[in-house]
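Residue-level structural notes
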Amino acid sequence: MQLDSYLEIFTTMYGWAFANIIGEALTGTGLVVLPFMVMAFNAWRQAKEQGAEQIGVFGLVDSIGTQLIVGLFVFMTCFATSPLTSLHSINLRYQPPPTALEPNPPEVSRDSGTGSTYDAALVDAIDGSMSNVSGSLAHVPAWWMTVMAISSGMNHSIKAGLNAGQSELRAVEELARIATIEDPRLLHNIQRFYSECFVPAQSRFIQMDPADLTAAGRAIIATTNTEYGPDDTGWMGSQLFRTEPGFYSDMRSVNPVTGFAVDFSRDVDYYNASSGEPLPFEGFANSDWGRPTCREWWEDTRIGLREAMITHSSDWQALWGRARTLFSSEDRTKDELARLAQVKANPMFVDPTQALGDRWYQNARISDPAGMADGVARTAGGVLSNVGLGIVSLLSYITSGPLKNGLLMMQALILMGMYMFLPLVTFFSGYNLKVMLYGAIGVFTVKFWGALWAITVWVDAHLIRAMYPVGSFTLTDIFGSAMQGHKRMLLNLLMLGMFIGLPLLWTGMMAWIGININASLTDIVKGADGTARNITSSSAGRGRR
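Residues numbered from 1 in each chain as written. Predicted model: local features only at pLDDT ≥ 70, side-chain atom pairs only at ≥ 80, totals over all residues. Heavy atoms only, no water.

**Looking at the overall build of the protein chain**
What the protein chain contains, in helices and strands, is 21 helices and three strands. When the 545 residues of the protein chain are sorted by exposure, 39% land in the buried category. A separation of at least 24 residues holds for 78% of the contacts in the protein chain among residues at least 6 apart in sequence. With an accessible surface of roughly 28,500 Å², the protein chain has 63% of that area assigned to carbon and sulfur atoms. (Helix = DSSP H or I, 4+ residues; strand = E, 2+ residues; numbered from the N terminus. Buried < 20%, exposed > 50% of the residue type's maximum accessible area, 1.4 Å probe, protein only. Contact = heavy atoms within 4.5 Å. Areas by Shrake-Rupley, 256 points an atom, 1.4 Å probe, with all protein chains shown as cover.)

**What about helix α1 (residues 6-28)?**
In a regular helix each residue adds 1.5 Å, so 23 residues correspond to 33 Å; α1 covers 34 Å between its end C-alpha atoms and thus fits that length. Among the residues trailing α1, Gly30 stands out with phi positive, at a value near 80°. (Expected span 1.5 Å × (residues − 1).)

**Here's the deal with the nonpolar core**
Trp16, Leu87, Trp144 and Tyr431 are the most contacted members of the largest nonpolar core, which totals 58 residues. Breaking this core down by element, the ones donating at least two residues are α1, α2 (34-50), α3 (52-78), α6 (142-161), α17 (400-428), α18 (433-447), α19 (449-467) and α21 (485-544). Element by element, the count of residues in this core is highest for α17, at ten residues. Once residues lying within four places of it in the same chain are set aside, the contact partners of Tyr431 are Val32, Pro35, Phe36, Met39, Val70, Gly71, Val74, Phe75, Phe79 and Thr426. Ile221, Cys294, Trp297 and Leu337 belong to the second-largest nonpolar core, a separate cluster that totals 46 residues. (Core = buried A, V, L, I, M, F, W, Y, C linked by side-chain atoms within 4.5 Å.)

**Overview of the confidence of the model for the protein chain**
Here the protein chain averages 79 in pLDDT, and 75% of its residues register 70 or above. Here residues 351-372 is modelled with pLDDT under 50, and outside its nearest four sequence neighbours on either side it reaches 15 contacts, counting other chains as well. Low pLDDT, under 50, characterises residues 374-379; the stretch is placed with four contacts to residues that sit more than four places away or in other chains. (pLDDT = per-residue confidence, 0-100.)

**Here's the deal with the packing of aromatic side chains**
Throughout the structure, instances matching the rule amount to 23 aromatic pairs. An aromatic cluster is built from Phe193, Tyr194, Phe198, Phe205, Trp235, Phe241, Phe247, Tyr248, Trp297 and Trp298, whose rings are joined through pairwise contacts. (Phe/Tyr/Trp six-rings, centres within 6.5 Å; stacked < 30°, edge-to-face > 60°.)

**Focus: the side chain of Arg291**
Position of Arg291 relative to the elements: it lies in the loop between α10 (239-243) and α11 (294-299). Among the polar contacts made by the side chain of Arg291, one reaches the main-chain carbonyl oxygen of Ser253 at a distance of 2.7 Å. Setting aside anything within four residues of it in sequence, one finds Arg291 in contact with Arg252, Ser253, Val254, Asn255, Pro256, Arg266, Asp267, Asp269 and Tyr270. (Polar contact = N/O pair within 3.5 Å; in protein donor to acceptor, adjacent residues only side chain to side chain.)

**Describing the state of the cysteines**
For the coordinates displayed, the defined rule picks out one disulfide. Note that Cys197 is cross-linked by a disulfide to Cys294, the S-S spacing being 2.1 Å. Linking Cys197 and Cys294, the disulfide has an S-S dihedral of approximately -85° and is accordingly described as left-handed. Linking Cys197 in helix α8 (residues 184-207) with Cys294 in helix α11, this pair joins segments that are 97 residues apart in sequence. Cys294 shares its class with Cys197; the two are buried. (Disulfide = S-S within 2.5 Å.)

**Examining the sheet that holds strand β1 (residues 2-3)**
Overall, mixed pairing links the three strands, which are arranged β1-β2-β3 in an open sheet. With one partner strand each, in any of the chains shown, β1 and β3 (108-109) form the two edges of the open sheet. (Pairing = 2+ DSSP bridges.)

**A closer look at α8**
Across its 24 residues, α8 extends 33 Å between first and last C-alpha, which sits within 8% of the 34 Å expected from 1.5 Å per residue. Those residues of α8 that sit buried are Leu186, Ile190, Arg192, Phe193, Tyr194, Glu196, Cys197, Phe198, Val199 and Ala201. Buried residues along α8 sit in contact with α10, α11, α12 (305-311) and α14 (330-345). Measuring from the backbone nitrogen of Arg185 back to the side-chain oxygen at the start of α8 gives 3.0 Å, which picks out Asp183 as the cap.

**Let's talk about the pattern of salt bridges**
Two side chains carrying opposite charge are able to pair once their charged atoms lie near each other. This structure, assessed with the given rule, holds 21 salt bridges. Here Lys159 makes a salt bridge to Asp4, at a shortest N to O gap of 2.7 Å. You can see Lys159 sitting in helix α6 and its partner Asp4 sitting in the loop between β1 and α1, a full 155 residues away along the chain. A relative accessible area of 29% places Lys159 in the partly exposed class. The exposure class of Asp4 is buried, given its relative accessible area of 4%. The salt bridge involving Glu299 is made with Arg242; its shortest N-O contact spans 2.8 Å. Residue Glu299 is located in helix α11, and its partner Arg242 is located in helix α10; the two are separated by 57 residues in the primary sequence. Here the salt bridges share partners, and the residues they tie into one network are Arg242, Arg295, Glu299, Arg306, Asp331 and Asp335. (Salt bridge = Lys/Arg side-chain N within 4 Å of Asp/Glu carboxyl O.)

Below is the structure:
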């Protein structure tokens, strides 16, 4: 039987174990026969109220017999259990959907183990050690086993019919969201590059006349350049800084960088023993490592900072493998990942002139009240802006993975509760035939949520592809950029509405269908009772004549 989550394998076992315990309590106390006694009493009471002479003995016997047969049928199919319909006679399975980290996940099952943390924590659901009740706790009444099998088969067929799952871009976004930089040495190197190379280069760019740039440099930051554009100089791996003379190619690290060997043609401030020149001073010794140019420090394919940022952990390697299909070139992909890594590392450059406090506020407070008021207004505006960005970030954090996993866990627990209460509902209904219908509709409705969530993922994959066509975005656009926050909000709100709204709409429609079917069944039963009474009355009249 194909289920919808790891947890559902165990909650299905738990739900029917609790149901068997409740059923054992009803059977052991003898209460299980009480509904049959109530049926016989109600038939006799109805005969008395309608007049026994009109119904006759045979009519009364037929009425009691019919109710008892129907009740016995409901009891046998919806309450009584049998080893033939045991959960241990089938293998509960689950096929995990493809994810960014595992594009081809293997199918797991209860009998072979799920490979999840549930195996050890919920093992008593499998072996039955959760209870002291003797006998198997995995027996399921025949009707509910049939309903579960049909519901699971329907879900599996619908999921198999969808030939596209999670979008590649959504998978990359999911990986980008969970990727972190925890290596303190890498964080230190990122901070060093930011302070020793990027900040000086950006300062030089701001202070220079744009006309002094080469034609190639002006083309890189032109507003018509869709690949780089004016914001290219806002991050450490700027294409302009890497290619324009006077920037990274002519700048060097302030201090030696581990991994870069001393190169005397570059490290002219180092002492070269082969030159025959005397030591600068007694005891002078070169550093173990050289001072690379900023371009070498960034671009070296073996020990460069960019390479370290995008391949230093398995998560980043997986992200690199998935992102390669989204961008036009390998260099562009590396830049996108490095730019995302910079957002994750969040390097800071502290201006020493500002280290002791906010100078504008102190000066304004002392000599310019108007300046102070302007500063307060700017501060208030910044607070409001941060609140807005915080709301955007909160909405953008809603992704299909965590949301769907949470809903699947909720579905599994709801099903467990339904399975657990089915014996009690069947008993308290007096083994009513309508319970079979209502219970089947309820189980099928909740089980079908899994298919609706699969459809939601499929729709989301198409919507995100429409809003972010290949080549028209950066990773920071969909993850770290406030400029693109409205797109992320719209997509995630639509996805949230579908993940929650579709099951609510479906459940409401099924409830409406159940009410209508109940009314139809009631009319049919009333019509059948009326017909039976008429036939009985006619027979009794002919007998008297």
